[in-house]
Amino acid sequence: MDKQQLKDDYGVELWDQDRIQAFRETVLSWYDAHKRELPWRETRDPYKIWISEIMLQQTQVKTVIPYYKRFLETFPTVEDLADAYEDDLLKVWEGLGYYSRARNMHTAAQQVVQEFGGVFPSNMKGLKSLRGIGPYTAGAIGSICFGLVEPAVDGNLMRVIARLFEVDLDVKQAKNRKVFQAIAEHLIDPDRPGDFNQALMDIGATICTPKNYHPERSPLKEFNSSYVNKTWEYYPVTSKNKPPTPYTYLAIIVRDAEGQYLMEKRPNEGLLSNMWTYPLIDVKDLDETGWRAVQPTAIEHLDDEMSGQVEHIMADRYNLPLTIRPQVDGDVVHVFSHQKWTLYLIVADLQVEAVTDNIPDNCQWIAPDEFSQYTFPVVQQKLVTAYREQTLF
DNA sequence: TAATCGTGGCG
DNA sequence: TCGCCAAGATT
């Protein structure tokens, strides 16, 4: 996309070549003086940069740092990662979120070994062919590790560019990304593309921030048309998020005679795939009067009717004869990006001489001292904590 | 294209 | 408390 089209189609007035050159020098000298010291900035090894870039997707730097170090200790090379068991990979990723990233990395590592002889591809086509590497990550790895003159358009870059050029396009709409990409392609420094990309990301993360933005403090203020025109509070344009859909579950806690708990491995696809939780019953699986009673407000007891239904479901799904305690032993609220879960802790007692070895394949009896060998989502860890707090008294 | 996919922090 | 957001990719 050329300058004329940017102006005609999107109302973006790009600068002349002299101003672009001055901008590059300002950005890079700021970076040389003020860049953040980060673990992945001590190397240009594409394997390590790749790990960092995947972890940094939608995740803050502070959160990533300990995971990055632990990951490289566990899987020092791409061959180690390619040969790993997926459960071991998931365990290292535990708590970081967006777990499909881990599974995609596993696939991509095998691609690197099998299709590229264990050597990371050094061009954009090869990088994008790897599972989990999209346009941003390909640009980041390409520019940082191989000096490719490719922008790395993430949320930071779009916010910075939107303010610099007063871009009236919704940064949350995927179709608008190409406009920011085109602008960045004109701006990027051809001699130091990796530093240029990281510099704009650092400026976006530390100065040109979403909130508490003070444009007068920015090294780019003289280039910033939204600052000159006093319109910065309108940029970037962002549409509203859809609120998370509410769900309500009963988390059933069953302990056998040996003190082990019934746990279930979630399906291979979808939310929290392959991770372990207590058995969860969606209250919509209860009959109409049942779940309507549970939905709106917090509950403290299950009535006889509901207890009977839960017992029936547990017998049906887990082949276990149980007696449900009607008392609710605490509740947990957990918000995902698109779902909001409310969970009620329900304790179930095994009936006398119950047979416990007919549970489904995706279920296991797990003792507390074995918990560290399994991967639990944060919502499950919250359930454990809530249960301990309740039963302490 | 719009929805899906986690978690932690902040105003 | 709630909505927003963070170095996005996939379908």
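A short tour of the structure in this document, coming up.

Basis of the calculations
Residues numbered from 1 in each chain as written. Chains lettered and ligands numbered in written order. Predicted model: local features only at pLDDT ≥ 70, side-chain atom pairs only at ≥ 80, totals over all residues. Heavy atoms only, no water. Pairing = 2+ DSSP bridges. Helix = DSSP H or I, 4+ residues; strand = E, 2+ residues; numbered from the N terminus. Axes fitted to C-alpha atoms, helices over the stretch in contact; angles between N-to-C directions. Parallel < 35°, antiparallel > 145°, perpendicular 65-115°, else oblique. Left-handed = near helix turned anticlockwise from the far one by under 90°. Contact = heavy atoms within 4.5 Å. Buried < 20%, exposed > 50% of the residue type's maximum accessible area, 1.4 Å probe, protein only. Salt bridge = Lys/Arg side-chain N within 4 Å of Asp/Glu carboxyl O.

1. Re the sheet that holds strand S2 (residues 261-265)
Remark on secondary structure: sheet strands pair via backbone hydrogen bonds, oriented parallel or antiparallel.
Reasoning step 1: With antiparallel pairing, the three strands of this open sheet are ordered in space as S3-S2-S7. The outermost strands of the open sheet, each flanked by one partner alone, are strand S3 (276-277) and strand S7 (363-366).
Reasoning step 2: With two bridges connecting them, S2 and S3 associate as antiparallel partners. Pairing of Glu264 across the sheet is with Thr277, part of S3.

2. Some thoughts on the packing of helix H9 (residues 135-146) against helix H12 (residues 193-206)
Reasoning step 1: At a minimum axis separation of 7 Å, H9 and H12 run at an interaxial angle of 130°. One way to sum up the angle between H9 and H12 is to call them oblique. Every pair of crossing elements has a handedness; the one defined by H9 and H12 is left-handed. Facing Tyr136, Gly139, Ser143 and Ile144 of H9, the residues of H12 in contact are Pro193, Gly194, Asn197, Gln198 and Met201.

3. Side note on the pairing of S2
Reasoning step 1: Most of S2 sits out of view: four of its five residues are buried.
Reasoning step 2: Where S2 and S7 come together, four bridges link them in antiparallel fashion. Of the residues in S7, the one forming a bridge with Glu264 is Cys363.

4. Some details on the pattern of salt bridges
Reasoning step 1: Scanning the entire structure with this criterion turns up nine salt bridges.
Reasoning step 2: Between Arg192 and Asp32 there is a salt bridge, with the nearest N and O atoms lying 2.8 Å from each other. Of the two residues, Arg192 sits in the loop between helix H11 (177-187) and H12 while Asp32 sits in helix H2 (residues 17-34), which places them 160 residues apart along the sequence.
Reasoning step 3: The class of Arg192 is partly exposed, set by a relative accessible area of 27%.
Reasoning step 4: Ionic contacts of the salt-bridge type, sharing partners, join the residues Asp32, Arg192 and Asp195 into one network.

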